[in-house]
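Commentary on secondary and tertiary structure
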Amino acid sequence: MNQDLICSSRKTTCQVGDFCCQLSTICHWQAPIFARFFTSTFQFDKTSPNSTMSTSEDLSLQFKVLNVSVAPRILQRCEELCLVHSIPAEDFIDQWLAYAASNSHALAPSVDALDRMERTELQKQPKPQPVTPQSHRMIMETTPIHTPVRQNLQVEMTESPQRVESTPLSVLSESFSNRSDAGAAVHSFGESTDFKERCSRNLSIKMHNSSVKGKYMHEKFLAKRGCLDAMSAWVVGDICRRHSLELSKEKLKQYSGEMTICGRICSQTQGKLDESSIFCEGLLEPYRGQRVKLNLNKIKNVRLFPGQSVALSGNNTKDWFSVAEAFTVAPLPPSQAPNLEETVQIMVAAGPFTVPENLLYEPLEPLLNHVLESKPNILILMGPFLDAGHPHLDDLCESFDTFFESIIDRIMQRVPGGMSVVLVPSHKDAHNHVVFPSLPYSLKRSYDNLYLAPNPFMLDVEGVVIAGSTADVLFHLGKVEFAKGAFQDRIGQIVWHIFNQRSFYPLHPPNSELRVDYQLLEQRAMLEKAPHVMILPSNFRHFAKVMENCVIVNPERLTKGSGGGTFAKIEVRAGPKDNKVCERVSCSIIRV
């Protein structure tokens, strides 16, 4: 068995050369990112003359990293192009990879192909002009650098204030005002409770991964591939240990016979998985990322989705892999049960917090009235607060940041000082980072009882571990999952994927609405233990159920279309460590 693969650590040894055979699958916009990774991987010294000059030796080294053999006369032609067009060797390789991928050309360049690239690409690029200190200053003064931001982030404040009065911003929503069953409990879980017995002191709240630092969305292609491989190796390692599997080390394209392999599920088509086009992409070690088509005729019950890390046993015929058994289950170890001396009450609501007709945030008022009436220990508000898809964002006459701060100030003025408030961002927020995992909100004003959490988040409240995410992973998985056989609880089976894959978002490629940074995903969105309570707002109907001794709660949204939605009240009763936390949890889903 490959011990490096199934080690408990998530680190794996990534051999760059082994992955070069996959370059043919890279689309034209990914190819430059692919080549950029090599300089950091092999620690090229950019301060030395040989690393920055466009010499044939530098070009030869770059092509060797790509596992491409190039004749000396081709190298000479490449060097000529670098000198004529003032392109460093590394940038030239980037452009060649992009050109080759876009024109379905082999990785090894030819003279004719280089000539065509020069005519169609290089000659169209403006040549860099020498800049003196004086001219450089003049350029900086006349051409300011702009950071890309969302459209209409700042609106000119010289416009007449009457514009607000002439728009639907100030018009109340008739549908929300005429909603029915306001305040009614539409779903209950656990023992019935009146939610009156609560902890009377300030709770100890510890936030995991509260500080997310460093660059994001700058990941290079091989760095992304390395993160995917490391996460898969960690999951597959647990699967192999649980089922006592020994992986075959033979290459998928070179061996026929009985094998036990591992990798990620993928497809050549977008959307829902089709049984006729399901593949397994082997890990870099030992399968060099090779793909093999799966034949699932022998399996009666299986649930698969793109990006799922699996171990498969069956018969390999080089053209396809006939699966006899699929191993996907590796339950998470539970978090330690707390010795809770007093009952903890939590209220959870997920955005949007306003109806599409206006930006008056009408649903917040009845929610805050419930908060003042119930007085929970913790109020968790999960974004989006300022939904980027709201039809009236263009009508705002102030910046998104300023408007968001006014919303939070309105909330904090109503909340009692002894109540803790946790804000969880969303990738849909117009004023926040669109990347997932999402960075915490940034506020100019600070509040003693306000906690700014990342997304996904994990809190430790007096030993009770509460986790959650605003990304609708349940809905995204449900749209693409392939299921064969009879399964009674569809939502429960989707939740199983999160625990078995040890990830808040195991789907790859992600849903089109999500911009995933895989380096952050590996660092901030992996699960090492099952929490006691997990909050997953979704477009699916609200629910609360137990999975892996963890209470999963979907409070749904505070608004549904133009009407009112729902929120959740959760109670964790006091009890000793020997009692399971899930047996001490009660939950009510209430209509706003």
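Scoring rules and cut-offs
Residues numbered from 1 in each chain as written. Predicted model: local features only at pLDDT ≥ 70, side-chain atom pairs only at ≥ 80, totals over all residues. Heavy atoms only, no water. Helix = DSSP H or I, 4+ residues; strand = E, 2+ residues; numbered from the N terminus. Buried < 20%, exposed > 50% of the residue type's maximum accessible area, 1.4 Å probe, protein only. Contact = heavy atoms within 4.5 Å. Areas by Shrake-Rupley, 256 points an atom, 1.4 Å probe, with all protein chains shown as cover. Pairing = 2+ DSSP bridges. Axes fitted to C-alpha atoms, helices over the stretch in contact; angles between N-to-C directions. Core = buried A, V, L, I, M, F, W, Y, C linked by side-chain atoms within 4.5 Å. 1 Å grid on protein atoms, 1.4 Å probe; cavity = no way out; pocket = protein on both sides within 12 Å on 5 of 7 lines; lining within 4 Å. Points joined across faces, edges and corners; volume = space filled by probe spheres on them. Phe/Tyr/Trp six-rings, centres within 6.5 Å; stacked < 30°, edge-to-face > 60°. Salt bridge = Lys/Arg side-chain N within 4 Å of Asp/Glu carboxyl O. pLDDT = per-residue confidence, 0-100. Polar contact = N/O pair within 3.5 Å; in protein donor to acceptor, adjacent residues only side chain to side chain.

Helices and strands together make up the secondary structure of the chain, namely 17 helices and 24 strands. Counting only residues that meet the buried cut, the chain has 54% of its 592 residues in that class. Long-range contacts, defined here as pairs at least 24 residues apart, represent 74% of the contacts in the chain between residues at least 6 apart. Counting only carbon and sulfur atoms, one obtains 49% of the accessible surface of the chain, whose full area is about 27600 Å².

Another point: the sheet that holds strand S9 (residues 344-350). Taken together, seven strands build an open sheet; the order of strands is S1-S24-S23-S9-S10-S11-S13 and the sheet is mixed. Where the open sheet ends on each side, the last strands, each with one partner, are strand S1 (185-189) and strand S13 (450-452). With direction set aside, neighbouring strand axes in the sheet form an average angle of 15°. Pairing geometry for S9 and strand S23 (residues 566-572), over five bridges, is antiparallel. Pairing of valine 344 across the sheet is with valine 572, part of S23.

A general tendency of soluble globular proteins is for nonpolar side chains to be buried together. By size, the foremost hydrophobic cluster in this structure holds 37 residues, and its most contacted members are Phe353, Leu367, Leu381, Phe385, Ile408 and Ile411. For this core, the secondary-structure elements that each account for two or more residues are S9, helix H13 (364-374), strand S10 (378-382), helix H14 (400-414) and strand S11 (420-424). When residues in this core are grouped by element, the largest group, seven residues, is from H14. Apart from residues no more than four positions distant in its own chain, isoleucine 408 is found in contact with Phe385, Leu423, Leu443, Tyr447 and Leu450. Membership of the second largest hydrophobic core comes to 36 residues, among which are Leu332, Ile491, Tyr518 and Leu536.

Before going further, it helps to examine the pairing of strand S14 (residues 457-461). Burial of S14 is one-sided: the residues Phe457, Leu459 and Val461 facing one way are buried, the residues Met458 and Asp460 facing the other way are not. Bridge count for S14 against strand S15 (residues 464-468) is five bridges, and the pairing is antiparallel. Residue pairing in the sheet places leucine 459 in a bridge with isoleucine 466 of S15.

For the rest of this paragraph, the subject is empty space enclosed by the protein. Counted by the stated rule, this structure contains two cavities of 30 Å³ or more. When its volume is computed, the largest cavity comes out at roughly 130 Å³. If you go around the largest cavity, you meet 16 residues; those closest to its centre are Leu228, Met231, Gly307, Ser309 and Pro506. Examining the composition of the lining of the largest cavity, we find that four residues originate from one element, helix H11 (residues 221-243), more than from any other.

Throughout the structure, instances matching the rule amount to eight aromatic pairs. Aromatic side chains phenylalanine 385 and tyrosine 441 sit 5.8 Å apart centroid to centroid with 75° between the ring planes, which places their arrangement in the edge-to-face category. Residue phenylalanine 385 is found in the loop between S10 and H14, and its partner tyrosine 441 is found in the loop between strand S12 (435-436) and S13; the two are separated by 56 residues along the sequence. In this structure, phenylalanine 385 and tyrosine 441 share a single accessibility class: buried. Ring centres 4.7 Å apart and planes at 50° place the aromatic pair phenylalanine 404 and tyrosine 441 in the tilted group. Linking phenylalanine 404 in helix H14 with tyrosine 441 in the loop between S12 and S13, this pair joins segments that are 37 residues apart in sequence. Each member of the pair, phenylalanine 404 as well as tyrosine 441, carries the same accessibility label: buried. By way of ring pairs, the aromatic residues Phe353, Phe385, Phe404 and Tyr441 are connected into one cluster.

In this section: the sheet that holds strand S3 (residues 257-267). Taking strand neighbours around the barrel as the criterion, the five strands line up as S3-S4-S5-S8-S7 in a closed arrangement whose pairing is mixed. Along the sheet, successive strands turn relative to each other by an average axial angle of 55°, direction set aside. In this sheet, strand S4 (residues 278-282) lies alongside S3 in antiparallel orientation, the contact comprising five bridges. Among the inter-strand pairings, glycine 263 is bridged to a residue of S4, identified as glycine 282. Strands S3, S4, strand S7 (309-316) and strand S8 (320-327) of the sheet are contacted by H11, whose axis makes an angle of about 70° with S7.

Here we take up the pattern of salt bridges. In total, this model carries 17 salt bridges according to the counting rule given. A salt bridge links aspartate 115 to arginine 77, with the shortest nitrogen-to-oxygen separation between them at 2.8 Å. With aspartate 115 in helix H7 (residues 111-120) and arginine 77 in helix H5 (residues 72-84), this residue pair connects regions lying 38 residues apart in the sequence. On the accessibility criterion, arginine 77 (17% relative accessible area) is buried.

Okay, the environment of isoleucine 466 next. Here isoleucine 466 lies in strand S15. The class for isoleucine 466 is buried, based on a relative accessible area of 1%. For isoleucine 466 and alanine 530, which are 64 residues apart along the polypeptide, the C-alpha to C-alpha distance reads 9.7 Å. Residues within four places of isoleucine 466 in sequence aside, it is in contact with Ile346, Ile380, Phe457, Met458, Leu459, Val461, Val533 and Ile535.

Another aspect to go through is the confidence of the model for the chain. Looking at the chain as a whole, its pLDDT mean stands at 81, while 82% of the residues score no less than 70. Contacts from residues 1-54, a stretch scored under 50 in pLDDT, to residues over four places away or in other chains number 117 contacts. Considering only residues more than four positions removed or in separate chains, one finds that residues 130-167, a stretch of pLDDT under 50, has 27 contacts.

This paragraph deals with the side chain of arginine 303. Relative to the elements of secondary structure, arginine 303 occurs in strand S6 (residues 302-304). Residue classification places arginine 303 among the buried positions, given a relative accessible area of 9%. Among the polar contacts listed, one links the side chain of arginine 303 to the side chain of glutamate 481, at a separation of 2.7 Å. With residues up to four places along the chain from it excluded, the contact list for arginine 303 reads Gln308, Glu481, Phe482, Ala483, Phe487, Arg490, Gln493 and His497.

Cis geometry is found at the peptide bond from asparagine 455 to proline 456, where omega equals 5°. Tracing the backbone through its elements, the reader meets proline 456 in the loop between S13 and S14. The omega torsion of the bond from histidine 508 to proline 509 falls at 0°, within 30 degrees of zero and hence cis. Within the secondary structure, proline 509 is located in the loop between helix H16 (490-501) and strand S17 (515-516). Its identity as a non-glycine residue notwithstanding, lysine 375 has a phi of 50°, on the positive side. Within the fold, lysine 375 resides in the loop between H13 and S10. In this structure, arginine 502 takes a positive phi of about 55° despite not being glycine.

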